[in-house]
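Below are the chains, spelled out letter by letter.
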Amino acid sequence: MKEINRYIRLIEHDNDSQLAPEVRALLASAIDATQLSYAPYSDFHVGAAIRLEDGTVLLGCNQENAAFPSGLCAERVAFFAAGVQHKGKRIDALAITIRSASKADAQPAAPCGGCLQVMSDVEKRQGSPIRIYLQGNSAPVIEAESVSSFLPFGFSLVGK
Ligand code: THU
């Protein structure tokens, strides 16, 4: 018998002032993306911005639907757009932000399990970590070094 332990490390920044300019820019893009969100049912507007290896920034936002399960989260909108528009390019970083009129103090929200599985698959395939930054309606910013910080035992068919 052996015990298997995996430890995760998150960094909480009091605000974004100490972050590198490209990270601040990515968070600003994610905030912009919340304006594009279609979320009349939840009033929970999620914006995602991903930075590719060549510096390209792609946006995603949640897209709700009157048939509720047909909608999609911001993160998957961005990741699937990268898969079709920039196939084969590495994803280096992801910023996720939230805007909600009814939740003025919305805290940083971790990606849902479905999005984590998609992101984990991409991370395993590309063989390099995707750094994640989360921000609520305002400070603080939570930083994770990898998707595996949130999904340490992600399912995989490719054996990595
Ligand atoms: N949502 C996201 O966009 N990303 C997540 O990781 C969790 C939830 C969206 C889905 C839905 O439109 C709204 O947030 C409320 O659940």
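Right, let's walk through the structure included here. (Residues numbered from 1 in each chain as written. Predicted model: local features only at pLDDT ≥ 70, side-chain atom pairs only at ≥ 80, totals over all residues. Heavy atoms only, no water.)

1. Brief notes about the pairing of strand β3 (residues 57–61)
Consideration 1: The sheet contact formed by strand β2 (residues 45–52) and β3 spans five bridges and is antiparallel. Bridge pairing in β3 places Gly 47 opposite Cys 61.
Consideration 2: Between the end of β2 and the start of β3, which pair antiparallel, lie four residues, with Gly 55 showing a positive phi angle near 90°. (Pairing = 2+ DSSP bridges. Helix = DSSP H or I, 4+ residues; strand = E, 2+ residues; numbered from the N terminus.)

2. A short note on the nonpolar core
Consideration 1: Grouped together as the largest cluster of nonpolar side chains are 23 residues, with contacts concentrated most on Ile 50, Phe 79, Ile 91, Leu 94, Met 119, Ile 130 and Ile 132.
Consideration 2: Of all elements in the fold, only β2, α2 (74–85), β4 (91–99), α3 (113–126), β5 (131–135) and β6 (141–144) reach the threshold of two or more residues within this core.
Consideration 3: Ranked by residue count, the leading element in this core is α3, at five residues.
Consideration 4: Setting aside chain neighbours within four positions, we find Ile 50 in contact with Leu 26, Thr 56, Val 57, Leu 58, Ala 78, Phe 79, Ala 82, Ile 91, Ala 93 and Leu 94.
Consideration 5: By size, the runner-up hydrophobic cluster in this structure holds ten residues, among which are Leu 19, Leu 27, Ala 95 and Tyr 133. (Core = buried A, V, L, I, M, F, W, Y, C linked by side-chain atoms within 4.5 Å. Buried < 20%, exposed > 50% of the residue type's maximum accessible area, 1.4 Å probe, protein only. Contact = heavy atoms within 4.5 Å.)

3. Some points on the layout of surface pockets
Consideration 1: Quantified by volume, the largest pocket comes out at close to 310 Å³.
Consideration 2: For the largest pocket, the lining is made up of 15 residues, of which Gly 83, Gly 88, Lys 89, Val 122 and Arg 125 are closest to its centre.
Consideration 3: When contributions to the lining of the largest pocket are tallied by element, the ones reaching two or more residues are α2 and α3.
Consideration 4: Here the lining of the largest pocket takes five residues from α3, the largest share from any one element. (1 Å grid on protein atoms, 1.4 Å probe; cavity = no way out; pocket = protein on both sides within 12 Å on 5 of 7 lines; lining within 4 Å. Points joined across faces, edges and corners; volume = space filled by probe spheres on them.)

4. A short note on a nonpolar patch on the surface
Consideration 1: Together, Leu 36, Val 57 and Leu 59 make up a nonpolar patch on the protein surface, roughly 240 Å² of accessible area in all.
Consideration 2: For Leu 59, the position within the fold is in strand β3.
Consideration 3: According to the relative accessible area criterion, Leu 59 is partly exposed, its value standing at 36%. (Patch = residues over 30% accessible without salt bridge, like charges linked within 9 Å, V, L, I, M, F, W, Y side chains within 5 Å. Areas by Shrake-Rupley, 256 points an atom, 1.4 Å probe, with all protein chains shown as cover. Salt bridge = Lys/Arg side-chain N within 4 Å of Asp/Glu carboxyl O.)

5. Digging into the pattern of salt bridges
In a structure, side chains of opposite charge can pair up when their charged atoms sit close to one another.
Consideration 1: Inspection of every chain in the model, using the stated rule, returns five salt bridges.
Consideration 2: Measuring nitrogen to oxygen at the nearest pair gives 2.7 Å for the salt bridge that ties Arg 131 to Glu 143. Taken together, the residues span a long stretch of sequence, with Arg 131 in strand β5 and Glu 143 in strand β6 at a distance of twelve residues.
Consideration 3: Arg 131 gets classed as partly exposed once you look at its relative accessible area, which sits at 32%.
Consideration 4: Judged by its relative accessible area of 10%, Glu 143 falls in the buried class.

6. Thoughts on helix α1 (residues 21–34)
Consideration 1: The terminal C-alpha atoms of α1, which comprises 14 residues, lie 20 Å apart, in line with the 20 Å expected from a rise of 1.5 Å per residue.
Consideration 2: Of the positions making up α1, those classed as buried are Val 23, Leu 26, Leu 27, Ser 29, Ala 30, Ala 33 and Thr 34. One face of α1 carries all of its buried residues, which in axial projection span an arc of 155°. (Expected span 1.5 Å × (residues − 1). Arc of directions from axis to C-beta.)

7. Comments concerning the packing of α2 against α3
Consideration 1: Relative orientation of the contacting elements α2 and α3 amounts to 25°, with a least axis distance of 9 Å. Considered as vectors, α2 and α3 are oriented roughly parallel to each other. In this structure, α2 meets α3 at a crossing whose hand is left-handed. Residue-level contacts link Glu 75, Arg 76, Phe 79 and Phe 80 of α2 to Gly 114, Cys 115, Val 118, Met 119 and Val 122 of α3.
Consideration 2: Tallied by class, the residues present in the contact of α2 with α3 amount to six nonpolar, one polar and two charged. (Axes fitted to C-alpha atoms, helices over the stretch in contact; angles between N-to-C directions. Parallel < 35°, antiparallel > 145°, perpendicular 65-115°, else oblique. Left-handed = near helix turned anticlockwise from the far one by under 90°. Nonpolar A, V, L, I, M, F, W, Y, C, P; charged D, E, K, R; others polar.)

8. Considering unusual backbone geometry
Consideration 1: Of note, the phi angle at Asp 43 is positive, near 50°, even though the residue is not glycine.
Consideration 2: Residue position: Asp 43 is located in the loop between α1 and β2.
Consideration 3: Accessibility expressed as a relative area gives 21% for Asp 43, which makes it partly exposed.

Function cannot be inferred from these measures alone, as they are strictly geometric.
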